[in-house]
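# Survey of secondary and tertiary structure
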Amino acid sequence: MLLLAGATVAVGLTERGPDRWWWVGGFAVSSVANFLGTINSIYGRVLRTARGLEFRTFVSRHREAAASVAERDLVGSAGRPTE
């Protein structure tokens, strides 16, 4: 994150002409996306409730029913029942 912020400042100070703002804007958008992704990862939680699994992140919530989770647990990644 600090690397992207430093690159944004460095490009903003060294680049000349109209291309300057494209670089600064690109680095700034990348920095914001990186920051939001980091916050989303930090605050992400998976809760096991009586109704199933509940996925909570900074920007969304999703619930999987217990029957669906149990069904997936019985089938391996190749689509065959696990032993």
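Our subject is the structure listed above.
Residues numbered from 1 in each chain as written. Predicted model: local features only at pLDDT ≥ 70, side-chain atom pairs only at ≥ 80, totals over all residues. Heavy atoms only, no water.

## Some remarks on the pairing of strand β3 (residues 61–65)
Strand direction decides the pairing type here: strand β2 (residues 52–56) and β3, joined by 5 bridges, are antiparallel. Its bridge partner being in β3, Arg56 is matched across the sheet by Arg61. The turn joining β2 and β3, which pair antiparallel and follow one another in sequence, is formed by 4 residues. (Pairing = 2+ DSSP bridges. Helix = DSSP H or I, 4+ residues; strand = E, 2+ residues; numbered from the N terminus.)

## Things to note about the sheet that holds β3
Pairing in this open sheet of 3 strands is antiparallel, and the strands run β1-β2-β3 from one edge to the other. Edge positions in the sheet fall to β1 (45–49) and β3, since each has one partner strand and no second. With direction set aside, neighbouring strand axes in the sheet form an average angle of 15 degrees. (Axes fitted to C-alpha atoms, helices over the stretch in contact; angles between N-to-C directions.)

## Remarks on helix α2 (residues 19–43)
Its 25 residues give α2 an end-to-end C-alpha distance of 37 Å, which sits within 8% of 36 Å, the value for a rise of 1.5 Å per residue. For α2, the elements touching its buried residues are α1 (2–14). (Expected span 1.5 Å × (residues − 1). Contact = heavy atoms within 4.5 Å.)

## Observations concerning the pattern of salt bridges
Pairs can form between side chains of opposite charge whenever their charged atoms are close. Tallied over the full model, the rule gives 2 salt bridges. For Glu54, the salt bridge identified is with Arg63, shortest N-O distance 2.7 Å. (Salt bridge = Lys/Arg side-chain N within 4 Å of Asp/Glu carboxyl O.)

## Description of the side chain of Glu54
Along the chain, Glu54 falls in strand β2. The exposure class assigned to Glu54 is buried, which follows from its relative accessible area of 8%. In this structure the side chain of Glu54 is engaged in a polar contact, spanning 2.7 Å, whose partner is the side chain of Arg63. Beyond its immediate stretch of four places on either side in the chain, Glu54 contacts Arg45, Val46, Leu47, Thr49, Arg61, His62 and Arg63. (Buried < 20%, exposed > 50% of the residue type's maximum accessible area, 1.4 Å probe, protein only. Polar contact = N/O pair within 3.5 Å; in protein donor to acceptor, adjacent residues only side chain to side chain.)

## Considerations on the pairing of β2
The pairing of β1 with β2 spans 5 bridges and is classified as antiparallel. By the bridge assignment, Thr49 is partnered in β2 with Gly52. Hairpin connection, β1 to β2: the antiparallel pair is bridged by 2 residues.

## Looking at the packing of α1 against α2
Between α1 and α2, the least distance of the axes is 9 Å, while the angle of their chain directions is 170 degrees. Taken together, the axis directions place α1 and α2 in an arrangement best described as roughly antiparallel. For the pair α1 and α2, the contacting residues are Leu4, Ala5, Ala7, Thr8, Val11, Gly12 and Leu13 in the first and Arg20, Trp23, Val24, Phe27, Ala28, Ser30, Ser31 and Asn34 in the second. Broken down by class, the residue content of the contact of α1 with α2 amounts to 9 nonpolar, 5 polar and 1 charged. (Parallel < 35°, antiparallel > 145°, perpendicular 65-115°, else oblique. Nonpolar A, V, L, I, M, F, W, Y, C, P; charged D, E, K, R; others polar.)

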